[in-house]
Amino acid sequence: SFKMTAERIFDVLGHFKRYQACLYLAAAFQAIACGIHYLASIFLVEKPNFVCGVPDNITHVLYGNLTGSSLEELLPGFRPGTGPLVVRTAEGSQWELGQCSRSLRVAPADFTYQFQGNTTLRACDGNYVYDHSEIELNIVMDWGLVCDREWLAKLCQPTFMAGVLIGAVVFGDLADRIGRVKIMRFSSLCQFVLGVSIAFSGSYYVFMVLRFLLAMVSSGYLVVVFVYVTEFTGSKVRTWTSMHIHAFFAVGIMVVALTGYLVRVWWIYQIILSLCTSPFLLVCWMFPETPFYLISKRRYKEAQALLDSVARFNGLDHGPKVEELLVPEATENDKSLLQEMEAQPSRVEKKHSILDLFGTWRMAGRTCTVWAIWFIGSLGYYVFSLGSVNLGGNQYINLFLVGAVELPSYMVGCYLMDRIGRKKTCAPALLLAGVACMLIIVLPADIDALAIALSMTGKFSVAIAFGLIYLYTCELYPTIIRTLAVGSGSMMCRVGSVVAPFCVYLADVWVYLPQLIVGVLAFAIGLLTLLLPETLGQPLTNTLEEAEALGGSSNKCSGLCGKDEEAAMEMYQQEAKASAGKPED
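Residues numbered from 1 in each chain as written. Predicted model: local features only at pLDDT ≥ 70, side-chain atom pairs only at ≥ 80, totals over all residues. Heavy atoms only, no water.

Draft legend 1. Highlighting the confidence of the model for the protein chain. Scored by pLDDT, the protein chain has a mean of 79; 85% of the residues are at 70 or more. No element of the protein chain has a lower mean pLDDT than helix α24 (residues 562-579), which averages 41, and none a higher one than helix α12 (residues 266-275), which averages 92. Here residues 329-344 is a poorly scored stretch, pLDDT under 50, and it has 19 contacts once near neighbours within four places are set aside; other chains count. (pLDDT = per-residue confidence, 0-100. Helix = DSSP H or I, 4+ residues; strand = E, 2+ residues; numbered from the N terminus. Contact = heavy atoms within 4.5 Å.)

This is the structure:
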């Protein structure tokens, strides 16, 4: 007799059959909502063109050689710093209007653009006129977040990212303690409720609090869903199922662009975006807990019922027995392993924390390297994006393309991960990104096409590393701390996204300083990645000892390894057929 590892359930039930396919598509669908809420603020806080208003009715407007009868006619073409808008009111007063100040002309003789007389500077006093040609109404217009209140609008995205950072850690830890599916249900419901509530926030501060909470639950779902689909799909398809979660996130970005183009009022825009994924709420309550989690928590009867249910849905007579998925242990009086284990309910379960990621020198080094990959993936992605996405033209098309361009990188990364391995895909991708950054610095700056090509190469490479690190992290850590590992990595990812804008600002010191920082870090971290163990074809680990042994000469498989394991699996399948009364093939 022999004992299978928990990973072998997919060789019996199927790596990606009907049950897993339905569950995967439903779970991944909600990742669209995460992409939506992460990028929704682009149009919510976009700064429109504006000038100070005047207390009286306007009859004539001058801007250079242009004339009009209202500010709305000339405001779309107004550019700050090129001169004021000059207006004349019905009462005969003349004003020179800027964005954050206005000047009243003293005793003007004629209504001309150039004026040599005296003016009296006046504050805007919260009276602004906005250009509605691009956006009809957003929170900047609604709450006057311009001039001395402009920093409030700029605080929106950093606050959201802070919520994402906290949510990744909090919900990642909770998912390891109370279960993956409970967190997915809770975070999905909260995404919907908070998303709609934001549309009815009556003040800026309520808006910010709700957005912060929305960021936490969105991040929580995104962290847990990667672990969830990883623990429900077999190793043969785990690469593309994990990588294509990112594709659903990218679809969310494209939904934001399309909705922003069609809906120009911010609260209607927010409601529509929140309703996009509401059908998920109708099915998420039927999601089961993962078999890996149930077995790790010693809930063997529930695990057995789930395995039997999956087997029936996939057209099999019965699923594997839980006893055959556990590590052999000595038993007394011929009692089964399952009975032996369930007979110990009083055993106190060890609580795991982030310190378990640093339990030994090997695990500490692995965790530092993994965190560094998460950080540079986010930092590099946003630095390349902020430097290349501002292409001019239609902003909605540009944002749509930003989401669409991510899809090929995930497809290429997915192909390479299953062909040459996780480590051999991640490390060269980071090294290539580093080389691309260095070439941008040393090659002539006047060759625009070459600079754009190198920038896109760097972004493409970083996106591959950023996409695969979710799955790689899942495979490097055991079930008992897997979600915590992904959550802490996502935390480092958010640190990178917060640091990225400040890195871009360093271009004022030296134009190539952002590329130098990203290039050096990407190249160094790419070299460190070569020290990580390869996980391609390896079963998911369940204990810290198994995880630590990855890549070592004495790699523990929780059972038989290599050819012996394959022979054991074949033996198990033959026994299963015999017990079902079916002839062998």
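There is more to say, and it comes next.
Draft legend 2. The nonpolar core, seen in detail. Counting residues in hydrophobic clusters, the biggest one holds 138 residues, and the most contacted among them are Phe-207 and Phe-287. Considering every element that reaches this core, the biggest residue donor is helix α10 (residues 204-230), with 17 residues. Once residues within four sequence positions are removed from consideration, Phe-207 is found in contact with Leu-44, Ile-139, Trp-143, Cys-156, Ile-198, Ser-201 and Trp-266. In this structure, Val-51, Leu-75, Phe-78 and Val-87 belong to the second largest nonpolar core, which totals 18 residues. (Core = buried A, V, L, I, M, F, W, Y, C linked by side-chain atoms within 4.5 Å. Buried < 20%, exposed > 50% of the residue type's maximum accessible area, 1.4 Å probe, protein only.)

Draft legend 3. Spotlight on the sheet that holds strand β6 (residues 102-105). Taken together, the six strands give an open sheet; going across it, the order is β3-β2-β4-β5-β6-β7, and neighbouring strands pair in antiparallel fashion. In the strand order of this sheet, the two ends are held by β3 (66-68) and β7 (119-122), each with one partner. With direction set aside, neighbouring strand axes in the sheet form an average angle of 25°. Pairing between strand β2 (residues 58-63) and strand β4 (residues 85-89): four bridges, direction antiparallel. Note on β4: the bridge partner recorded for Val-61 is Val-87. (Pairing = 2+ DSSP bridges. Axes fitted to C-alpha atoms, helices over the stretch in contact; angles between N-to-C directions.)

Draft legend 4. Here's a closer look at the side chain of Thr-369. Assignment of secondary structure puts Thr-369 in helix α16 (residues 361-388). A distance of 3.0 Å separates a polar atom in the side chain of Thr-369 from the backbone oxygen of Gly-365. If near-sequence neighbours (up to four positions away) are discounted, Thr-369 is found in contact with Leu-528, Thr-529 and Leu-532. (Polar contact = N/O pair within 3.5 Å; in protein donor to acceptor, adjacent residues only side chain to side chain.)

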